[in-house]
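Residues per chain are reported as follows:
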Number of protein chains: 2
Amino acid sequence: MTASGYNRRERPAKPALSREGIVAAALDVVRREGAERVTMRRLAKELDTGPASLYVYVRDTDELHAAVLDELLGEVPRAAEGDWRSRLWTVVSTYRDVLYAHPGLARVALVTPLNGPNYLAIVDTVLGLLAEAGVPSGPAAWTVDLLLLVATASAVEHSTRKDRPDAERQHDALAETVRGLSPETHPNIVAASENLFSGNADTRSRWAIDALLNGARTTPLPD
Amino acid sequence: MTASGYNRRERPAKPALSREGIVAAALDVVRREGAERVTMRRLAKELDTGPASLYVYVRDTDELHAAVLDELLGEVPRAAEGDWRSRLWTVVSTYRDVLYAHPGLARVALVTPLNGPNYLAIVDTVLGLLAEAGVPSGPAAWTVDLLLLVATASAVEHSTRKDRPDAERQHDALAETVRGLSPETHPNIVAASENLFSGNADTRSRWAIDALLNGARTTPLPD
DNA sequence: ACCTGAACACCGTTCAAGT
DNA sequence: ACCTGAACACCGTTCAAGT
């Protein structure tokens, strides 16, 4: 205001705001500091403005997160080599891995209906693979949702835990609790305890997808 | 401090803090104002103290939320009438309904491993029903997880949307987007569009459970 | 020991006012 | 029209200090 030379900054020039610019800056912050730091205020600081300015281009934080997520979903391969089963596994597990890698973003995939181009491309690919897999077209439509829901939920489950160092301890606490259960009060848990904690995240995911697929193939939609 | 009569309050006496008291107060707030308002600060106000005091009895907000959720899970019936399929449906859908009814709490079920008594009772019940359903004991252990994961994720999906009045509009926006898709770029979505949005939440849930079960029965654990 | 005021480091969103 | 400073109404968690 007073000093006329003050307008010169290190950053060449303050670029005009735009939706694209905001999403791009958000992507940058995601990669540098994680999705948790993609907040309106943090982003405004990044763009050298106040948080109110962002609301001209973006409805709210969730919408921004969804836009960033769709951008990241560009990494998910549309096609791959191999039979339908391994291609399906590739797509779904890559989708899940993107969410794994961005803990703060997995939540938004559950909370707002995604409708970005990359998300839609994935849905289309999965539907194609389900047809190849012999899932009838009725169940297939519901199966995509279920498949992506499971992938998303697994990511939220796993990734948020990675975040917190006491998570392993908490998981151990659960295993401990289960070990301490009496066969009198919890007969079925005690009987199943061997398998309750077996397998790693990947093995279990893969089994879940297979089971889902086998179920979808044999379970007709209700009339 | 200065006025000696100030200690007399409407509330009979300030009760000593305790974990039970805190959880009870939290439950109260959940029922009166919703789970979103169960924050450390809000609760401290309720208990007439500062937020720091709660940390003596509760590790963090998530742990508090998990404790409240377990309390609410007491509503889920352990047994019910009918064959295994309808009993399983009752348990799983009641579990989901509890989460539906408490949007802010569904998240915690995904994020922290639950290990409260009521949760464990539900797991035991479901394991019993899966045995009755003829699911082999290996897959059964993984199926409980998957079943409750799907129920939880559906609750997060649906309930958070109920929260926000523009959610329906957003869903319509998705349907609109899908309708506008070209068969050239998204052949499978266009072909499936009839079923993509068919069915209500309950119908789809029920189908998902059936499909899961059918899959679990026929998909052996990997070696 | 047990408890807590006050501080630190943040949030999302709105709206009146400025250019 | 487009943009934004400042305010409103909150957060979780820690820690030095008090009883």
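One can find the structure itself at the top, above this paragraph.
Bear in mind the structure is a predicted one, so any value in this text is a computation, not a measurement.

### With respect to the pattern of salt bridges
Residues and elements named next belong to chain B.
Okay, step 1: Evaluation of the coordinates by the stated rule reveals 28 salt bridges over all chains.
Okay, step 2: When the shortest N-O distance is used, the salt bridge between aspartate 62 and arginine 107 registers 3.5 Å. One end of the pair, aspartate 62, is in helix H4 (residues 61-72); the other, arginine 107, is in helix H6 (residues 103-111), and 45 residues separate them in sequence.
Okay, step 3: Of the residues examined, aspartate 62 reaches a relative accessible area of 12% and is grouped as buried.
Okay, step 4: Residue aspartate 202 pairs with arginine 96 through a salt bridge whose shortest N-O separation is 3.0 Å. Of this pair, aspartate 202 sits in helix H11 (residues 201-218) while arginine 96 is found in helix H5 (residues 84-101), placing the two residues 106 residues apart along the sequence.

### Concerning the interface of chain A and chain B
Okay, step 1: Listed by partner, the interface residues are 63 residues for chain A and 63 residues for chain B.
Okay, step 2: Summed over both partners, the interface of chain A with chain B comes to about 5,300 Å²; 66% of that surface belongs to carbon and sulfur atoms.
Okay, step 3: Interface area lost by chain A to chain B is led by Pro113, Trp142 and Trp207 of chain A, which between them contribute 15%.
Okay, step 4: Across the contact surface, chain A and chain B share two salt bridges.
Okay, step 5: Our enumeration of links across chain A and chain B arrives at 14 residue pairs in polar contact (both at pLDDT 80 or more).
Okay, step 6: Those elements that provide at least two residues to the side of chain A that touches chain B are helix H6 (103-111), helix H7 (117-132), helix H8 (137-163), helix H9 (167-179), helix H10 (187-196) and helix H11 (201-218) of chain A.
Okay, step 7: The element that contributes the greatest number of residues to the side of chain A that touches chain B is H8 of chain A, accounting for 16 residues.
Okay, step 8: In terms of residue class, the side of chain A that touches chain B is made up of 30 nonpolar, 22 polar and eleven charged.

### Some remarks on the protein's contact with DNA strand D
Okay, step 1: Looking at DNA strand D, there are 19 residues lining it, with Ala52, Ser53 and Tyr57 of chain A together with Arg41 and Tyr55 of chain B nearest.
Okay, step 2: Restricting attention to atoms of DNA strand D within 4 Å of the protein, one finds that 52% of them are sugar or phosphate atoms.
Okay, step 3: Here threonine 49 of chain A contributes a side-chain N or O atom positioned 3.0 Å from a phosphate oxygen of DNA strand D.
Okay, step 4: A distance of 2.5 Å separates a phosphate oxygen of DNA strand D from a polar side-chain atom of tyrosine 57 of chain A.

### So, the protein's contact with DNA strand C
Okay, step 1: Near DNA strand C, the surroundings consist of 19 residues, among which Arg41 and Tyr55 of chain A together with Ala52, Ser53 and Tyr57 of chain B are the closest.
Okay, step 2: Backbone atoms, meaning sugar plus phosphate, form 55% of the atoms of DNA strand C positioned within 4 Å of the protein.
Okay, step 3: In this structure, a phosphate oxygen belonging to DNA strand C sits 3.1 Å away from a side-chain N or O atom of threonine 39 of chain A.
Okay, step 4: For DNA strand C, a phosphate oxygen lies 3.0 Å from a polar atom in the side chain of threonine 49 of chain B.
Okay, step 5: A per-element tally of the surface near DNA strand C places helix H2 (residues 40-46) of chain A first, with three residues.
Okay, step 6: Considering only residue class, the surface near DNA strand C consists of eight nonpolar, five polar and six charged.

### Remarks on the relation of the copies chain A and chain B
Okay, step 1: Mapping chain A onto chain B calls for a screw motion: a turn of 180° about the axis and a shift of 0.0 Å along it, with 0.0 Å RMSD after fitting. The superposition of one copy onto the other is thereby described by a two-fold rotation axis. In terms of proximity to the rotation axis, the leading residue of chain A is glycine 215 of chain A, whose C-alpha is 1.9 Å off the axis.
Okay, step 2: The share of interface residues of chain A whose copies in chain B are also at the interface is 100%, consistent with both copies meeting through the same surface.

### Things to note about H10 of chain A
Residue and element names in this part refer to chain A.
Okay, step 1: Three or more residues of H10 are buried, namely Ile189, Ala192, Asn195 and Leu196. For H10, the buried positions fall inside an angular range of 95° around the axis, keeping them on one side. Exposed positions of H10 whose direction lies more than 90 degrees from the buried face are Ala191 and Glu194.

### Some thoughts on the packing of H5 of chain B against H6 of chain B
Residues and elements named next belong to chain B.
Okay, step 1: Put simply, H5 and H6 touch, their axes get as near as 5 Å, and they point 125° apart. By the criterion of interaxial angle, the relationship of H5 to H6 is oblique. Contacts between H5 and H6 involve Tyr95, Leu99, Tyr100 and Ala101 from the former and Pro103, Ala106 and Ala109 from the latter.
Okay, step 2: Here the residues of the contact of H5 with H6 sort into seven nonpolar, no polar and no charged.

Cut-offs used in this document
Residues numbered from 1 in each chain as written. Chains lettered and ligands numbered in written order. Predicted model: local features only at pLDDT ≥ 70, side-chain atom pairs only at ≥ 80, totals over all residues. Heavy atoms only, no water. Salt bridge = Lys/Arg side-chain N within 4 Å of Asp/Glu carboxyl O. Helix = DSSP H or I, 4+ residues; strand = E, 2+ residues; numbered from the N terminus. Buried < 20%, exposed > 50% of the residue type's maximum accessible area, 1.4 Å probe, protein only. Contact = heavy atoms within 4.5 Å. Buried area = accessible area lost by both parts, 1.4 Å probe. Polar contact = N/O pair within 3.5 Å; in protein donor to acceptor, adjacent residues only side chain to side chain. Nonpolar A, V, L, I, M, F, W, Y, C, P; charged D, E, K, R; others polar. Near = heavy atom within 4 Å. Least-squares fit on C-alpha atoms with pLDDT ≥ 70 in both. Arc of directions from axis to C-beta. Axes fitted to C-alpha atoms, helices over the stretch in contact; angles between N-to-C directions. Parallel < 35°, antiparallel > 145°, perpendicular 65-115°, else oblique.

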